[in-house]
Amino acid sequence: MYATDSRGHAPAFLQPQNGNSHHSSGYVPGKVVPLRPPPPPKSQASAKFTSIRREDRATFAFLPEEQQAQRESRKQKRHKNTFICFAITSFSFFVALAIILGISSKYAPDGVALSGFRVEAVDGVKLNLLDDVSSWKPGDQIVVASTDYSMYQAEEFTLLPCSECSRFQVKVKETPQFLHMGEIIDGVDMRAEVGILTRNVVIQGEVEDSCYAENQCQFFDYDTFGGHVMIMKNFTSVHLSYVELKHMGQQQLGRYPVHFHLCGDVDYKGGYRHTTFVDGLSIHHSFSRCITVHGTNGLLIKDTIGFDTLGHCFFLEDGIEQRNTLFHNLGLLTKPGTLLPTDRNNSMCTTMRDKVFGNYIPVPATDCMAVSTFWIAHPNNNLINNAAAGSQDAGIWYLFHKEPTGESSGLQLLAKPELTPLGIFYNNRVHSNFKAGLFIDKGVKTTNSSAADPREYLCLDNSARFRPHQDADPEKPRVAALIDRLIAFKNNDNGAWVRGGDIIVQNSAFADNGIGLTFASDGSFPSDEGSSQEVSESLFVGESRNYGFHGGQNKYVGTGGIDQKPRTLPRNRTFPIRGFQIYDGPIHLTRSTFKNYVPTPDRYSSAIGFLMKNSWQITPRNNISLVKFGPHVSLNVFFGKPGPWFEDCELDGDKNSIFHDIDGSVTGYKDTYVGRMDNYLIRHPSCVNVTRWNAVICNGTYAQVYVQTWSTQNLSMTITRDEYPSHPMVLRGINQKAAFPQYQPVIMLEKGYTIHWNGPAPRTTFLYLVNFNKNDWIRVGLCYPSNTSFQVTFGYLQRQNGLLSKIEEYEPVHSLEELQRKQSERKFYFDSNTGLLFLYLKAKSHRDGHSYCSSQGCERVKIQAATDSKDISNCMAKAYPQYYRKPSAVKRMPSMLTGLCQDCGTRQVVFTSDPHKSYLPVQFQSPGKVETQRGDPSVISVNGTSFTFQNVGVLLLVVNACSVPFQVTERKDFLLPNVSRMEEYLKTGIPPRSIVLLSTRGEIKQLNISDLLVPLGLAKPAHLYDKGSTIFLGFSGNFKPSWTKLFTSPAGQGLGVLEQFIPLQLDEYGCPRAATVHRRDLELLKQASKAR
């Protein structure tokens, strides 16, 4: 069976690469007929295998006798099955929009270029794209992704004939309903993905007009019973290329558009000379997932589109799938489904209770609501060049199974997923997702529902933590997981939520997210040994010039950004926007730049912030260095204030928020610590208050004391610095209702503290030294009834096995003075008059790296108290002023730095999804009449080099489009009396392959150059009389790039600041062939192939 495609080629079968070159007897090209409940009387339901450009659509089905013959044949020819699909000529399957596409809107940016998009529904709308799409033909269907917060702004279009289109252009029939960005905005690549859905071979499920029978019709008003393709093990080869699958999948387990079912190793480890792959598929309007990788390793999935699907789209199922590579795939409009708890939305979660125990009602936020475009259930997989462009919950979700699940249950894993190093993660983009663009955290429940745990099997579970080690062995060194080149924008909640350690995020950009990046540790003392997370060479943009468009389920609109104009918003008008968010730590933020964090009357907006309503610990080992804040950052950091979202700010983590400003790049004070302004545990008299941050800047040395009590539920602890008794800190405790509540205040070292309770004193109390270096110390006095007797012991707790070593008994002394003389010995003093038990906590051993504890183990003091008193143990009134000490600084407060840090911030100016290309950043500063009268110049900045113009007239720069680094070949100043001379220069003076940058200053009544700008890229002559300002970007050559633009403003007004990013050294410019382009993505793909 052959079909001729619309490209004029007869596609051939891909030949098997492993064994025979003929079809095995198990292969018949045609449709697979799924068993399904009878539909309403209409037609026989089926899945169709069609060639869409032929009138005769072949349909095949296996009769029962044929099925029996097939089974017998398979028994005789094990490992001889071959699955092959038709292929068309290879071409681009998804590219990026190269110009803003949208409708006239008050939310659209000012100054849409005259050479850009105009909606003219009569003749169709022309799209400029980044890549050669000459193989896309009239009648093809394409999809343009959302570039706003709502994934429902993705739109489908039909291509029209377009004889005048270049190979980078197409014309579409429909009028766009939403704004789609086609530019790099504020240094971040926000260009919409454009994918072609049409293929010359179609596998299509036949559907009814409405939902029927047992197909979850309470959630869907359309038929969700489609076709499915299942590939099982022992095949000779499987290569699926350039096929369209529509109306495939079912809301039943195991029925997916493409399903690799328990195939085992499908690369060289399975005996295959050529890796099994899926290439160039278009899976759309699917009823259950896109591609399911189930118990299968070493599969390559590339250039595949998954659009408008139910449930996780690219789905790794049982938590054992490894060495799979996903390369340059696009997933968008990933909607909730019903199959697994993690697929479900709120209503599905609470309604579907047949698999929970008893009367348990699932909690959507913690049991469900995790549907993701890329569901990666094992870290040892590779993601390169993928785009997750809109999901109900997450774009890319890495989770960690405690043990294999589903049909893989019972298999023994050689290594735990949560200990396994991360595969390759390079150059992926995530946007228009609600919960998070990238999510690294959690696992799934691996036990059936029971009275002990009534939740459903495979619901979301919070027990797993990613802590990769060499060879997945916790006794060996950690191996840092590398997230390299992530672009995350317009995600409602988090651009990325990353929990675990060690993890490094680098060369990444975050823009227009509710929260750009959140770091959370892999646990907390004493459950982990201490890990770290680092972000470097990255850009954070609070609110960009992508203003969005109100529609497509975008609920929230308000004013914001540096210009306080209307824009769509994450969450709602009051949600506090943060660039980098600290949960606990330790973290390191370095060589990063923050731009456009401007609060409004409705909300706070800060570059750095903390997790709100945080009951957990925060470490003083959070380090920040070499960061840069743009001119439109009003709050470098913000510690929260009582009110919406922050509530009362009274949880333990809220109060102890802190970080170390290593070089002063945040505060201007080198080697200082920044905490909440009302935290007197970390203060000294020379500290500096920053009221607008709700912060205090102090210097000194800091650590934590971890206090754990037994059998004392709902007990609050008050800790007081002897120097500030009028400012105690009350801690509610972590796990307050548990049998072992814990408290973890940050304390200044070499100081004295007292601890009190709002109930009877605990009979058993543990004090752990956390983040103490050798010889670090504090003195503590714990409040007890005066008739209490004590047994105090010291020991090293071995975290791995819970055993104690080197146990020593504390002995009592008779006075505080004696205790002070013997502070290095194991001594305690009980002052029965005040009720305070005094002892010194002094570290005896070295601490390595990011470990919470010493290399010998966790230094722990256990206090066993015996008393029959039930009185409240609060000794504050007796302790002070007796033990009051005058406040003093351990270290001298540094002077404030002068001048700007020259080496701070990321060294990258632009973050794109095609990092092998060079882009030239160009910025125009165009003053209006008032600014001109004040003497403000007109400025053109090229890659940071400014060219100023103080006169009334025109500044023109010519830049070599083929030179990297950039080269300004000529500057021309045309003063007002000589503006007419510019006409001749534009005609003859500009060499080919040149970028032309033009900016006016002051009012020029007659600028007669409109016709001369057309050869330089202007779409058509424009009226340039009586304009306040004119800016033009053009190109001299035989090619008209999409970036050519003309901006004008009314008389008396300027254009403000405009920023553009112009690609250099394009072949289309006619540039000489450069040396081999370095493609890191292709190198990594090759590396992944070898690893497979």
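Residues numbered from 1 in each chain as written. Predicted model: local features only at pLDDT ≥ 70, side-chain atom pairs only at ≥ 80, totals over all residues. Heavy atoms only, no water.

Inspection of the entire model under this criterion finds 42 aromatic pairs. Ring geometry for Trp710 against Phe766: centres 5.2 Å apart, planes inclined by 55°, an arrangement best described as tilted. Within this pair, whereas Trp710 is found in the loop between strand E49 (702–709) and strand E50 (717–721), its partner Phe766 is found in strand E55 (residues 764–770), the two being separated by 56 residues in sequence. Residue Trp710 is classed as partly exposed on the basis of its relative accessible area of 37%. In this structure Phe766 comes out as buried when scored by relative accessible area, which is 3%. Among the aromatic residues, ring-to-ring pairing joins Phe510, Phe519, Phe540, Phe580, Phe594, Tyr597 and Phe629 into one connected group. Geometry around Phe315 places Arg289 over its ring, the cationic atom sitting 3.9 Å from the centre. The aromatic ring of Phe794 is capped on one face by Arg826, whose charged end is 3.5 Å from the ring centroid. (Phe/Tyr/Trp six-rings, centres within 6.5 Å; stacked < 30°, edge-to-face > 60°. Helix = DSSP H or I, 4+ residues; strand = E, 2+ residues; numbered from the N terminus. Buried < 20%, exposed > 50% of the residue type's maximum accessible area, 1.4 Å probe, protein only. Lys NZ or Arg CZ within 6 Å of the ring centre and 35° of its normal.)

This next bit is on the pattern of salt bridges. This structure, assessed with the given rule, holds 53 salt bridges. In this structure, the salt-bridge partner of Glu818 is Lys822, at a minimum N-O distance of 3.1 Å. With a relative accessible area of 27%, Lys822 lands in the partly exposed category. Sharing partners across several salt bridges, the network here consists of Asp189, Arg191, Glu193, Arg429, Asp914 and Lys917. (Salt bridge = Lys/Arg side-chain N within 4 Å of Asp/Glu carboxyl O.)

Moving on: the pairing of strand E5 (residues 141–144). Inspection of the sheet shows E5 paired to strand E6 (residues 155–160) by four bridges, in the antiparallel sense. Each bridged residue has a counterpart across the sheet, and for Ile142 the counterpart in E6 is Phe157. Judged from the three bridges that link them, E5 and strand E10 (residues 193–196) form a sheet pairing that is antiparallel. Among the inter-strand pairings, Val144 is bridged to a residue of E10, identified as Val194. (Pairing = 2+ DSSP bridges.)

Our focus in this paragraph is the sheet that holds strand E4 (residues 125–128). Read across the open sheet, the six strands follow the order E3-E10-E5-E6-E7-E4; overall the sheet is antiparallel. With one partner strand each, in any of the chains shown, strand E3 (94–96) and E4 form the two edges of the open sheet. Neighbouring strand axes in the sheet, compared pairwise and without regard to direction, differ in orientation by 40° on average. As judged from the two bridges shared by E6 and strand E7 (residues 169–172), these two strands associate in the antiparallel manner. The residue of E7 that forms the bridge with Leu160 is Lys171. (Axes fitted to C-alpha atoms, helices over the stretch in contact; angles between N-to-C directions.)

Pairing within the open sheet is mixed, and its seven strands lie in the order E51-E50-E54-E56-E61-E60-E59. Taken across any chain shown, the strands that pair with only one partner, and hence form the sheet edges, are strand E51 (729–731) and strand E59 (811–812). Here E59 pairs with strand E60 (residues 827–831) via two bridges, running parallel. Bridge assignment links Pro812 to a residue of E60, and that residue is Phe828.

Checked against the element boundaries, Leu1016 lands in the loop between helix H9 (1010–1013) and strand E69 (1027–1036). Leu1016 sits 23 residues away from Phe1039 along the chain, and the two C-alpha atoms are 9.1 Å apart. Those residues in contact with Leu1016, other than ones at most four positions away along the chain, are Leu986, Ile990, Val996, Phe1032, Gly1034, Phe1035, Ser1036 and Thr1044. (Contact = heavy atoms within 4.5 Å.)

The next subject is the state of the cysteines. Two cysteines form a disulfide when their sulfur atoms are joined by a covalent bond. A full pass over the atoms with the stated rule returns nine disulfides. Each disulfide pairs two cysteine sulfurs, and for Cys290 the partner residue is Cys313, the sulfurs being separated by 2.0 Å. Judged by the sign of its S-S torsion, about -100°, the cystine formed by Cys290 and Cys313 is left-handed. Of the two residues, Cys290 sits in the loop between strand E17 (282–284) and strand E18 (291–297) while Cys313 sits in the loop between strand E20 (305–310) and strand E21 (314–316), which places them 23 residues apart along the sequence. With respect to class, Cys290 is no different from Cys313; both count as buried. Sulfur-sulfur distance for the disulfide between Cys687 and Cys698 comes to 2.0 Å. In this structure the cystine formed by Cys687 and Cys698 twists about its S-S bond by roughly 125°; its chirality is therefore right-handed. Placement of the pair is Cys687 in the loop between strand E46 (672–676) and strand E47 (688–690) and Cys698 in strand E48 (residues 695–698), with a sequence separation of 11 residues. Taking the relative accessible area as the measure of exposure, Cys687 reaches 13% and is therefore buried. By relative accessible area, which is 0% here, Cys698 ends up buried. Take Cys459: it sits in no disulfide, and the sulfur closest to it among the cysteines is that of Cys368, at 7.2 Å. (Disulfide = S-S within 2.5 Å.)

Next up on the list: the environment of Leu332. Of note, Leu332 is situated in strand E23 (residues 330–335). Since its relative accessible area comes to 0%, Leu332 is described here as buried. In sequence terms Leu332 and Ser146 are 186 residues apart; their C-alpha atoms lie 8.6 Å from each other.

Right, let's get into helix H10 (residues 1080–1091). In this model, H10 (12 residues) spans 16 Å end to end at C-alpha, consistent with the 16 Å of a helix rising 1.5 Å per residue. Inspection of H10 places Asp1081, Leu1084, Leu1085 and Ala1088 among the buried residues, and these make up the whole buried set. One face of H10 carries all of its buried residues, which in axial projection span an arc of 105°. Away from its buried face, by an angle of more than 90 degrees, H10 presents the exposed residues Lys1086 and Lys1090. Along its buried surface, H10 packs onto strand E19 (300–302), strand E22 (325–327), strand E25 (382–384) and strand E28 (425–431). (Expected span 1.5 Å × (residues − 1). Arc of directions from axis to C-beta.)

Soluble globular proteins tend to pack their nonpolar side chains together in the buried interior. Residues Ile396, Tyr398, Phe580, Phe594, Ile608, Leu839 and Ile863 are the most contacted members of the largest nonpolar core, which totals 152 residues. Discounting chain neighbours no more than four positions away, the residues touching Ile608 are Phe580, Ile582, Leu589, Phe594, Ile624, Phe629, Asn636, Val637, Phe638 and Val666. (Core = buried A, V, L, I, M, F, W, Y, C linked by side-chain atoms within 4.5 Å.)

Across the junction of Gly501 and Asp502, the peptide omega takes the value 0°, indicating a cis bond. In this structure, Asp502 sits in the loop between strand E33 (494–499) and strand E34 (503–506). With phi around 55°, His328 is a residue other than glycine that occupies positive phi space. Within the secondary structure, His328 sits in the loop between E22 and E23. Even without glycine at this site, Arg485 takes up a positive phi of about 65°.

On to the pairing of E33. With respect to burial, E33 is a largely interior element, six of its six residues being buried. Examined bridge by bridge, strand E29 (residues 436–440) and E33 share four bridges and lie parallel to one another. Within E33, the residue paired with Phe439 across the bridge is Trp497.

Mean pLDDT for the protein: 88, with 88% of residues reaching 70 or above. Across residues 103–122, confidence stays below pLDDT 50; counting only partners more than four residues off in sequence or on other chains, it has 52 contacts. (pLDDT = per-residue confidence, 0-100.)

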